[in-house]
Amino acid sequence: MLQLQQQMSLAKSVRHRCNEWIFHDIPSDITIDVAGVTFSLHKFPLVSRSGRIRRLVAEHRDSDISKVELLNLPGGAESFELAAKFCYGINFEITPGNVAQLCCVSDYLEMTEEFSKDNLGSRAEEYLESVVSKNLEMCVEVLQQYENLLPLANDVRAVSRCIDAIASKACSEQIASSFSRLEYSSSGRLHMSKQAAKCDSDWWIEDISVLRVDLYERVITAMKCRGVRPESIAASLMNYAQRELTKKSTLWNPSGQTKVDIISGSNGQEKLVVETIVSLLPVEKSVVPISFLFGLLRSAVTLDCSVAFRLDLERRIGSQLDIATLDDLLIPSFQNSADTLFDVDTVHRILVNFSQQDDSQDDMEDASVFDSDSPCSPSQSSLFKVSKLVDNYLAEIAPDANLNLSKFMLIADSLPSHARTIHDGLYRAIDIYLKAHQGLSDLDKKKLCKLIDFQKLSQEAGAHAAQNERLPLQCMVQVLYFEQLRLRTALSNSCDDEDYKPSHQSWRISSGAFSAAMSPRDNYASLRRENRELKLELARLRMRLNDLEKEHVCMRRDMQKSSSHKLVSSFSRKFSKMNFFGHSSSRGSSSPSKHSQRTVSKVIERTCTSAE
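Computed from a prediction, not measured in an experiment: that's the story for all the values here.

Participant: Mind showing me how you'd approach the overall build of the protein here?
Facilitator: Helices and strands together make up the secondary structure of the protein, namely 26 helices and five strands. Here the contacts in the protein between residues at least 6 apart in sequence split such that 69% fall between residues at least 24 apart. Here the protein displays about 35,600 Å² of accessible surface, and carbon together with sulfur accounts for 52% of that area.

Shown next, in the form of structure tokens:
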């Protein structure tokens, strides 16, 4: 009823306006019907400008057609009124508010140069080229006008022309901004000055955010093809999502207590927005903040978006999971009331993506792990951060009564064994789970506690575990055993420190195996200390070897210069001084025993004989 009233009001206003410019001294000979609104006009002005009306009139020449109905005309009666005014030679101003209608109606009515010079189509395109394309705000305004004309105006070139103009303008502004940031360094070289992340050339972000999602997608795609920076594209996507999706606050607020009613009138539109933004995300890593990716994932889960888009988001998040927070991982579950409070399956897939990425980089990083001066390589550092994040996540979801054991263990066992250097966080999460699920069987408790390496518990956690009645008896025995080993090692180390001897310390070093109770940094420091001690011992051995080589050279030189008699006496003196057989000399005399002298003489005689 309301729509019918609006049509009647529009028809009445159009007739009133037509009476102002249509001349009445010549009776009308044709009636044009556009969406229920009739125009009493004259054939000659229309057929002289419009190829479509000329063809319709020519097809019914014998029957003397008097009424023509124009179906699916873009813009309806208002657009046709502008075209009719142009045919009658009535002057009106072309503006960004009506140029879209003029382009569409001229294309529909075939008002081209083929039928009349300076026709409506060429006038509208000239305005677009000379005025609109020079100004980004005007291009956006024209595209907004086209939103009411689509999909009938899909084939109009003016839409693509405005989109290309926006992309070109944004790209040129960015290039100009980059050149303005160039400056000379003290050495005379050009370099880019460091400024804020958001450049002044990104002012267009707010302007294009008012576009409908389909046109916005075409604009961003054109910008990517033009080479606009990924950081600018990401900033625009975030601004657009903030504008379109914050109507439902819990989609972006992980701490929201109420679930979102996904059955709503705007559900389809929001789903389209989320899927479009995901498809437009830059491929470069770390360009899009991970909090924004989690917000999109939360929205995709809530709105039941396509699986491909959700998997793409999970892959992107997994590649930079080490900078995520606990609030990011707490994705509410919207499946049914009997399920878990949080979406554990999605988090597990994210962890699998992270682990696969880590495994793929292991071969490249293994060669540099022990050559680095830092105790942890970048991948190891990210593993440690993610392991701490996972332990906190497990502790958060452990009290959920609907969380079954298999899902809990799946999350806990999703990282490799070397990811955790200390198992305190994992032990705490498992203890919370055991406390919240007291109906677990002994077999399930043993299976769950196998995830804990009790040798990697701190002293405080070990003391707690030794008295924890929720743990199986075998686990408590293990804890006590490792605590005894730790105490024995501590006592042994204290004794070694008291009896410390530098000359032999290098030969009492450990085998190099990392202690489970020590952190990686402590192990690394211990290895470096042992390496220094080995180097010192090797230096001492080299010095001793050099001394022996020098003495050997001197002895050979004396053998070559002296005669055999002098050589024998020289050898006797040298051997007597060297105390070759290790006998201790008295304070007053350094002569060896008679037996030793005879033995030395025989050895020297044989040596001389062989030398001659």
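Participant: Got a minute to help me understand the sheet that holds strand E2 (residues 37-41) in this structure?
Facilitator: Adjacent strands of a sheet form backbone hydrogen bonds with each other and so pair up, either parallel or antiparallel. Strands sit in the order E2-E1-E3 across an open sheet of three strands; the sheet is mixed. With one partner strand each, in any of the chains shown, E2 and strand E3 (67-70) form the two edges of the open sheet. Within the sheet, the average angular offset between the axes of one strand and its neighbour, ignoring direction, is 20 degrees. Sheet topology note: the strand E1 (residues 30-34)/E2 ladder contains five bridges and is antiparallel. The residue of E2 that forms the bridge with Ile30 is Leu41. Running over the sheet, helix H4 (residues 76-87) touches E1, E2 and E3 and is turned about 15 degrees from E2.

Participant: Is there a simple way to explain the pattern of salt bridges in this structure?
Facilitator: As a working rule, side chains carrying opposite charge can pair if their charged atoms are close by. Considering all chains together, one arrives at nine salt bridges under this definition. In this structure, Glu125 and Arg157 form a salt bridge, with 3.0 Å as the shortest nitrogen-oxygen distance. With Glu125 in helix H6 (residues 120-130) and Arg157 in helix H8 (residues 157-180), the pair connects residues that are 32 residues apart, well separated along the chain. Relative accessible area serves as the criterion here: at 29%, Glu125 is assigned to the partly exposed category. Among the residues examined, Arg157 registers a relative accessible area of 56% and is labelled exposed. With a shortest N-O distance of 2.6 Å, Arg315 and Asp312 are connected by a salt bridge. Of the two residues, Arg315 and Asp312 are both situated in helix H14 (residues 307-318); the distance of three residues between them amounts to about one turn of the helix.

Participant: Any chance you could explain a positive patch on the surface here in plain terms?
Facilitator: On the surface, a cluster of positive charge is contributed by Arg528, Arg529, Arg532 and Lys535. In this structure, Arg528 sits in helix H24 (residues 520-561).

Participant: When you look at the confidence of the model for the protein in this model, what are you seeing that I'm missing?
Facilitator: When pLDDT is low, close inspection of the predicted coordinates is not appropriate. Averaged over every residue, the pLDDT of the protein is 77; the share at 70 or more is 70%. Overall, residues 249-265 carries pLDDT values under 50, and its contacts beyond four positions in sequence, including any with other chains, amount to 31 contacts. Note on residues 578-612: pLDDT is under 50 here. Beyond four places in sequence and across chains, it has 17 contacts.

Participant: I'm lost on the pairing of E1 in this one. Help?
Facilitator: For a regular strand, side chains alternate in direction, first toward one face of the sheet and then toward the other. Among the five residues of E1, four are classified as buried, and the element is accordingly described as predominantly covered. Sheet topology note: the E1/E3 ladder contains four bridges and is parallel. When the bridges of E3 are listed, Val34 appears paired with Leu70.

Participant: Sorry, what's going on with helix H5 (residues 99-109) here?
Facilitator: In an α-helix there are 3.6 residues to a turn, and that puts residues three or four apart on one side. Burial within H5 is extensive, with ten of its eleven residues counted as buried. Among all positions of H5, only Val99, Ala100, Gln101, Leu102, Cys103, Cys104, Val105, Ser106, Tyr108 and Leu109 are buried. Immediately beyond the C-terminal end of H5, within one or two residues, lies Glu110, with a positive phi of roughly 60 degrees.

Participant: Looking at this structure, I do not really get unusual backbone geometry. What am I missing?
Facilitator: The phi dihedral of Glu110 is positive, around 60 degrees, even though this residue is not glycine. Looking at where Glu110 falls in the secondary structure, it is placed in the loop between H5 and H6. On the basis of relative accessible area, Glu110 is assigned to the partly exposed category, the value being 23%. Of note, the phi angle at Asp118 is positive, near 50 degrees, even though the residue is not glycine. Tracing the backbone shows Asp118 in the loop between H5 and H6. Residue Asp118 is classed as partly exposed on the basis of its relative accessible area of 40%.

Participant: Would you mind showing me how to read the nonpolar core here?
Facilitator: Grouped burial of nonpolar side chains is what soluble globular proteins tend to show. In terms of nonpolar packing, the biggest core is built from 141 residues, with Ile32, Phe80, Leu109, Tyr146, Ile208, Met223 and Leu321 touching the most fellow members. Ranked by residues supplied to this core, first place goes to H8 with nine residues. For this core, the two domains that each supply at least three residues are domain 1 (230-254 + 267-319) and domain 2 (381-490). In contact with Leu321, other than residues within four places in its own chain, are Ile290, Phe294, Leu329, Ile350, Leu351, Phe354, Val386 and Leu389.

Participant: Quick question: what am I supposed to make of the environment of Phe294 here?
Facilitator: Looking at where Phe294 falls in the secondary structure, it is placed in helix H13 (residues 290-302). Looking at Phe294, the relative accessible area reads 0%, which means it is buried. Along the backbone, Phe294 and Ala324 are 30 residues apart, and their C-alpha atoms lie at a distance of 9.1 Å.

Participant: Can you walk me through the packing of helix H10 (residues 213-226) against helix H12 (residues 267-280) in this structure?
Facilitator: To describe two helices that pack against each other, one gives the angle between their axes and the distance between the axes. Put simply, H10 and H12 touch, their axes get as near as 10 Å, and they point 5 degrees apart. By the angle between their axes, H10 is roughly parallel relative to H12. Where H10 abuts H12, its residues Val213, Tyr216, Glu217, Ile220, Thr221 and Lys224 lie against Gln269, Leu272, Val273, Thr276, Ser279 and Leu280. When its residues are assigned to classes, the contact of H10 with H12 shows six nonpolar, four polar and two charged.

Participant: Would you explain H13 in this entry?
Facilitator: Here H13 contains 13 residues, and its C-alpha end-to-end distance of 18 Å stays within 8% of the 18 Å for a straight helix at 1.5 Å per residue. Burial within H13 is extensive, with twelve of its 13 residues counted as buried. Of all the positions in H13, only Ile290, Phe292, Leu293, Phe294, Gly295, Leu296, Leu297, Arg298, Ser299, Ala300, Val301 and Thr302 are classed as buried.

Reading the values: the criteria
- Residues numbered from 1 in each chain as written.
- Predicted model: local features only at pLDDT ≥ 70, side-chain atom pairs only at ≥ 80, totals over all residues.
- Heavy atoms only, no water.
- Helix = DSSP H or I, 4+ residues; strand = E, 2+ residues; numbered from the N terminus.
- Contact = heavy atoms within 4.5 Å.
- Areas by Shrake-Rupley, 256 points an atom, 1.4 Å probe, with all protein chains shown as cover.
- Pairing = 2+ DSSP bridges.
- Axes fitted to C-alpha atoms, helices over the stretch in contact; angles between N-to-C directions.
- Salt bridge = Lys/Arg side-chain N within 4 Å of Asp/Glu carboxyl O.
- Buried < 20%, exposed > 50% of the residue type's maximum accessible area, 1.4 Å probe, protein only.
- Patch = residues over 30% accessible without salt bridge, like charges linked within 9 Å, V, L, I, M, F, W, Y side chains within 5 Å.
- Lys, Arg positive; Asp, Glu negative; His and termini not counted.
- Charge placed at Lys NZ, Arg CZ, Asp CG, Glu CD.
- pLDDT = per-residue confidence, 0-100.
- Core = buried A, V, L, I, M, F, W, Y, C linked by side-chain atoms within 4.5 Å.
- Domains from an automatic or database assignment.
- Parallel < 35°, antiparallel > 145°, perpendicular 65-115°, else oblique.
- Nonpolar A, V, L, I, M, F, W, Y, C, P; charged D, E, K, R; others polar.
- Expected span 1.5 Å × (residues − 1).

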